[in-house]
Amino acid sequence: MPGSPRTRPAKPALSRESIVAAALGLVDELGTAAVSMRRVATAVDTAPASLYVYVADRQELMALAHDLAVAGVGLPTDADGNWRTRLELLVERTVSALAAHGDIAAVGLTDLTPGPNSLRITEEMLRLLRVGGVADEACAWAADLFGQYIASSALEEAAWRREQFPGAVTVRLDAVHAALPVEDYPTIRALAPLLTSGDSASRAAWKLRVLIDGILAQPR
């Protein structure tokens, strides 16, 4: 007697990769704080206990999701320019990749366990700094500084992406500055037009340029 026809499609096989991808998808939709093991389990159609066969806990899962977010970052090549141009491009690509996934960059500020994709990016950053003549001691600390810069910049860019009308943020800040009593905040009032000047790309490029200039200024 022939078997009864399937009434629902077969459930995809559970894997570490599918679990991490589901977690990152939930970050995109809900933000990191809302991603729980139970929600991830529901997304992959399994019981929460089944996830622990593949990941130790939520912290490890979020670290893996963070690493997946930068998996597509391409390393610049010689055709992209000199060492500094390539370093700036690599940082910009990493910021953009993280910003595309909501606030996943926040994980990089609290979790110090980098995955293979993050390590690949760090390796190239350190290599480029050494090519640029930066002393090893400065290179080592610069990696930490770049990590903080990338995370904070990605969070800022993600916030701008969520804003339907980015110009509205500037308008609100201008209004706040204009309402401050000049006798208490004379410097803010004097610089108010400049505090919100320029577009996000120009400001980001300036910050990165100042950061690299500061590293290069260290004794060699």
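Look up a bit, the structure's there.
Quantities reported herein were computed from a predicted structural model and do not represent experimental measurements.

**Student:** Help me get a handle on the overall build of the protein, residues and values and all.
**Tutor:** Looking only at helices and strands, one finds 11 helices and 0 strands in the protein. Along its sequence from the N terminus, the protein presents helices and strands in the succession α-α-α-α-α-α-α-α-α-α-α. The principal-axis extents of the C-alpha atoms in the protein amount to approximately 85 × 50 × 30 Å. Counting every position in the protein, which comprises 220 residues, the buried fraction comes to 33%. In the form shown here, the protein has an accessible surface area of approximately 13,200 Å², with 59% of it arising from carbon and sulfur atoms. The positive charge centre, built from 21 side chains, and the negative charge centre, built from 26, are 5 Å apart in the protein.

**Student:** Which residues make up the pattern of salt bridges, and what values go with them?
**Tutor:** Per the counting criterion, the structure on display carries 7 salt bridges. Between Asp78 and Arg86 there is a salt bridge, with the nearest N and O atoms lying 3.0 Å from each other. A salt bridge links Arg84 to Glu88, with the nearest nitrogen and oxygen atoms 3.2 Å apart. In this pair, Arg84 and Glu88 are both assigned in helix H5 (residues 83-99), 4 residues apart and thus about one turn of the helix distant. With relative accessibility at 18%, the residue Arg84 sits in the buried group. It is possible to trace a salt-bridge network through shared partners that takes in Arg84, Glu88 and Asp213.

**Student:** Would you mind going over the packing of H5 against helix H11 (residues 200-216) in detail, with residue names and values included?
**Tutor:** Between H5 and H11, the least distance of the axes is 11 Å, while the angle of their chain directions is 130°. Here H11 runs oblique to H5, going by the angle between their axes. Viewed along their axes, H5 and H11 form a crossing whose handedness is right-handed. Contacts between H5 and H11 involve Trp83, Arg84, Leu87, Glu88, Val91 and Glu92 from the former and Leu208, Arg209, Ile212, Asp213 and Leu216 from the latter. Split by residue class, the contact of H5 with H11 holds 6 nonpolar, no polar and 5 charged.

**Student:** Kindly report on a nonpolar patch on the surface, identifying the contributing residues and their values.
**Tutor:** A surface patch of nonpolar side chains, about 430 Å² in accessible area, is lined by Tyr185, Ile188, Leu191, Leu194 and Leu195. Classification of Tyr185 as partly exposed rests on a relative accessible area of 38%.

**Student:** Can you lay out unusual backbone geometry for me, pointing to particular residues and giving the numbers?
**Tutor:** A positive phi angle is found at Asp45, which is not glycine, with a value near 60°. Within the fold, Asp45 resides in the loop between helix H2 (37-43) and helix H3 (48-51). A relative accessible area of 39% means that Asp45 is categorised as partly exposed.

**Student:** Could you give me a rundown of the nonpolar core, with the residues and numbers involved?
**Tutor:** Judged by nonpolar contacts, the single largest core of 49 residues is most densely connected at Val40, Leu87, Val91, Ile104 and Phe146. Residue assignment for this core shows that the elements contributing at least two residues are helix H1 (16-30), H2, helix H4 (58-69), H5, helix H6 (105-110), helix H7 (116-131), helix H8 (136-162) and H11. Contact partners of Phe146, with chain neighbours within four places excluded, come to Leu87, Val91, Met125, Leu129, Leu208, Leu211, Ile212 and Ile215.

Cut-off values and rules
- Residues numbered from 1 in each chain as written.
- Predicted model: local features only at pLDDT ≥ 70, side-chain atom pairs only at ≥ 80, totals over all residues.
- Heavy atoms only, no water.
- Helix = DSSP H or I, 4+ residues; strand = E, 2+ residues; numbered from the N terminus.
- Buried < 20%, exposed > 50% of the residue type's maximum accessible area, 1.4 Å probe, protein only.
- Areas by Shrake-Rupley, 256 points an atom, 1.4 Å probe, with all protein chains shown as cover.
- Lys, Arg positive; Asp, Glu negative; His and termini not counted.
- Charge placed at Lys NZ, Arg CZ, Asp CG, Glu CD.
- Salt bridge = Lys/Arg side-chain N within 4 Å of Asp/Glu carboxyl O.
- Axes fitted to C-alpha atoms, helices over the stretch in contact; angles between N-to-C directions.
- Parallel < 35°, antiparallel > 145°, perpendicular 65-115°, else oblique.
- Left-handed = near helix turned anticlockwise from the far one by under 90°.
- Contact = heavy atoms within 4.5 Å.
- Nonpolar A, V, L, I, M, F, W, Y, C, P; charged D, E, K, R; others polar.
- Patch = residues over 30% accessible without salt bridge, like charges linked within 9 Å, V, L, I, M, F, W, Y side chains within 5 Å.
- Core = buried A, V, L, I, M, F, W, Y, C linked by side-chain atoms within 4.5 Å.

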